[in-house]
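So you can see what is in the structure, the chains are spelled out below.
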Amino acid sequence: MGLDNVAVHWPRTGRFYDPVAPAEFVDFGEIVEMPQVSAPTAALAELIAQSGTVRATAYTELVDLILGLENVLYATEAAAEDEDPVIDPDGCAWVAGGVERFVEAHRPHGDAVTFDSVSTVLRSLMADGRLAEQQLRWLDSRLDGLRDEAGAPPQWSFTCPELSVLAAFYRRCAERGYAVYASA
């Protein structure tokens, strides 16, 4: 079992969150029909279209690295404060915006998103910041922490279009006032 991010109505009514009807995401199914769409991109779009859900497990390390926090898609901060692992609509907008900016910055490097390309893109984004040296040290520490005992990097295999679909899910939730419930 892994982590699912499920679109839910915000705020909750009663004790539970009501899932958003998959019909609110049905247009994601059109992505599946696009020519030359990769299998992972199509699978993500189809799942969103059918259920209003993202199987977030595969994306957690990458999203955490891009956004500079830990367990973003697990909504652990919300869980500690509210006892509910929920990303509110503003949080959904923040997640979407971070992933969208990353995808845009990555495009000159091609569509394949790997550990090395993520490192290159994040380094270039941080090099222009006012605390560049501090941020680059933080990035090096985070990248080293993602390596296994033998020093091998994670074997990420994403594409920019796939990450665009991921961002579009969170953007849709933000725009329509939905939250995302982290179900592990």
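Attention in this report is confined to the structure presented alongside it. (Residues numbered from 1 in each chain as written. Predicted model: local features only at pLDDT ≥ 70, side-chain atom pairs only at ≥ 80, totals over all residues. Heavy atoms only, no water.)

**Digging into the overall build of the protein**
Okay, step 1: Summing up its helical and strand segments, the protein has eight helices and six strands in all.
Okay, step 2: The helix and strand sequence of the protein, counted from the amino end, reads β-α-α-β-α-α-β-α-β-α-α-β-α-β.
Okay, step 3: Taken along the three principal axes of its C-alpha coordinates, the protein extends 45 × 45 × 35 Å.
Okay, step 4: Burial statistics for the protein: of 184 residues in total, 42% are counted as buried.
Okay, step 5: Taking all contacts inside the protein whose residues are at least 6 apart in sequence as the whole, residues at least 24 apart take part in 69%.
Okay, step 6: Carbon and sulfur atoms make up 51% of the accessible area of the protein, which amounts to about 9900 Å² in all. (Helix = DSSP H or I, 4+ residues; strand = E, 2+ residues; numbered from the N terminus. Buried < 20%, exposed > 50% of the residue type's maximum accessible area, 1.4 Å probe, protein only. Contact = heavy atoms within 4.5 Å. Areas by Shrake-Rupley, 256 points an atom, 1.4 Å probe, with all protein chains shown as cover.)

**Details of the packing of helix H2 (residues 39-51) against helix H8 (residues 160-176)**
Okay, step 1: Running from N to C, H2 and H8 point in directions that differ by 15 degrees, and their axes come no closer than 8 Å. It follows that H2 is roughly parallel to H8 by the angle criterion. For the element pair H2 and H8, the recorded crossing hand is left-handed. Here Pro-40, Thr-41, Leu-44, Ala-45 and Ile-48 of H2 come into contact with H8, specifically with Pro-161, Glu-162, Val-165, Leu-166 and Phe-169.
Okay, step 2: Among the residues making up the contact of H2 with H8, the classes are represented as eight nonpolar, one polar and one charged. (Axes fitted to C-alpha atoms, helices over the stretch in contact; angles between N-to-C directions. Parallel < 35°, antiparallel > 145°, perpendicular 65-115°, else oblique. Left-handed = near helix turned anticlockwise from the far one by under 90°. Nonpolar A, V, L, I, M, F, W, Y, C, P; charged D, E, K, R; others polar.)

**Here we look at the sheet that holds strand E2 (residues 53-55)**
Okay, step 1: Here we have four strands laid out as an open sheet, ordered E2-E1-E6-E3, and antiparallel in their pairing. A strand with exactly one partner marks an edge of an open sheet, and here the two such strands are E2 and strand E3 (86-87).
Okay, step 2: Judged from the three bridges that link them, strand E1 (residues 4-9) and E2 form a sheet pairing that is antiparallel. What sits directly across from Val-6, in E2, is Thr-53.
Okay, step 3: Across the sheet, H8 touches E1, E2 and strand E6 (178-183), and the angle it forms with E6 is around 130 degrees. (Pairing = 2+ DSSP bridges.)

**Concerning the packing of aromatic side chains**
Okay, step 1: One pass over the full model with this rule turns up eight aromatic pairs.
Okay, step 2: Aromatic pair Phe-25 and Tyr-178: ring centres 6.5 Å apart, planes at 50 degrees, arrangement tilted. With Phe-25 in the loop between E1 and helix H1 (29-32) and Tyr-178 in strand E6, this residue pair connects regions lying 153 residues apart in the sequence.
Okay, step 3: The exposure class assigned to Tyr-178 is buried, which follows from its relative accessible area of 9%.
Okay, step 4: A ring pair is formed by Phe-169 and Tyr-170, whose centres lie 5.1 Å apart and whose planes are at 80 degrees; its orientation type is edge-to-face. (Phe/Tyr/Trp six-rings, centres within 6.5 Å; stacked < 30°, edge-to-face > 60°.)

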